[in-house]
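# Observations on the model geometry
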Amino acid sequence: QVQLVESGGGLVQPGGSLTLSCAASGRMFSAYIMGWFRQVPGKERTFVAAISASGGITYADSVKGRFTISRDNAKRTVYLQMNSLKPEDTAVYSCAARRLAITTTPDGYPYWGQGTQVTVSS
């Protein structure tokens, strides 16, 4: 079991930056694959990025070159650095955890945080 709590969301202007954090409690954080997803009201949750236990990383095409996922196992925290933000990045961002291999499918993650709102607007 792992519990996840996101923080760092807010309002930012287009072209700006924001860093989200996801703090985990529970055992063996370092063994979990950590993912970030986002959801806009009325639409399905979509994959943003994921990082494996060994540091392997996968990004959605829409965020490649702009977002960076990282993890600090000592702090049991995963980060999402978001640069060059666009209005279409506006969403509720949630972190998720699973074991075994990276998947971009939300249903593959049994553990979720409550989400944090990111709004990109001038």
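Note that the structure is predicted; figures quoted are calculated from it, not measured.

### A short note on the packing of aromatic side chains
Within the structure shown, the criterion is met by five aromatic pairs. Here the aromatic rings of F37 and F47 are separated by 5.6 Å at their centres, their planes lie at 75°, and the arrangement is edge-to-face. One end of the pair, F37, is in strand β4 (residues 33–39); the other, F47, is in strand β5 (residues 46–51), and ten residues separate them in sequence. Like F37, the residue F47 is buried in the burial classification. Where F37 meets W112, the ring centres are 5.1 Å apart and the plane angle is 55°; that geometry is what we call tilted. Here the residue F37 occupies a position in strand β4, and W112 occupies one in strand β10 (residues 111–112), the gap between them amounting to 75 residues.

### What about the pairing of strand β9 (residues 91–98)?
Burial within β9 is extensive, with seven of its eight residues counted as buried. Summarising the sheet, β4 and β9 pair through seven bridges and their orientation is antiparallel. Residue pairing across strands places G35 opposite A96, the latter belonging to β9. Relative to strand β11 (residues 116–120), β9 runs antiparallel, the two sharing three bridges. Bridge assignment links V92 to a residue of β11, and that residue is Q117. Across two bridges, the pairing between β9 and β10 is antiparallel. Within β10, the residue paired with A97 across the bridge is Y111.

Conventions we followed
- Residues numbered from 1 in each chain as written.
- Predicted model: local features only at pLDDT ≥ 70, side-chain atom pairs only at ≥ 80, totals over all residues.
- Heavy atoms only, no water.
- Phe/Tyr/Trp six-rings, centres within 6.5 Å; stacked < 30°, edge-to-face > 60°.
- Helix = DSSP H or I, 4+ residues; strand = E, 2+ residues; numbered from the N terminus.
- Buried < 20%, exposed > 50% of the residue type's maximum accessible area, 1.4 Å probe, protein only.
- Pairing = 2+ DSSP bridges.

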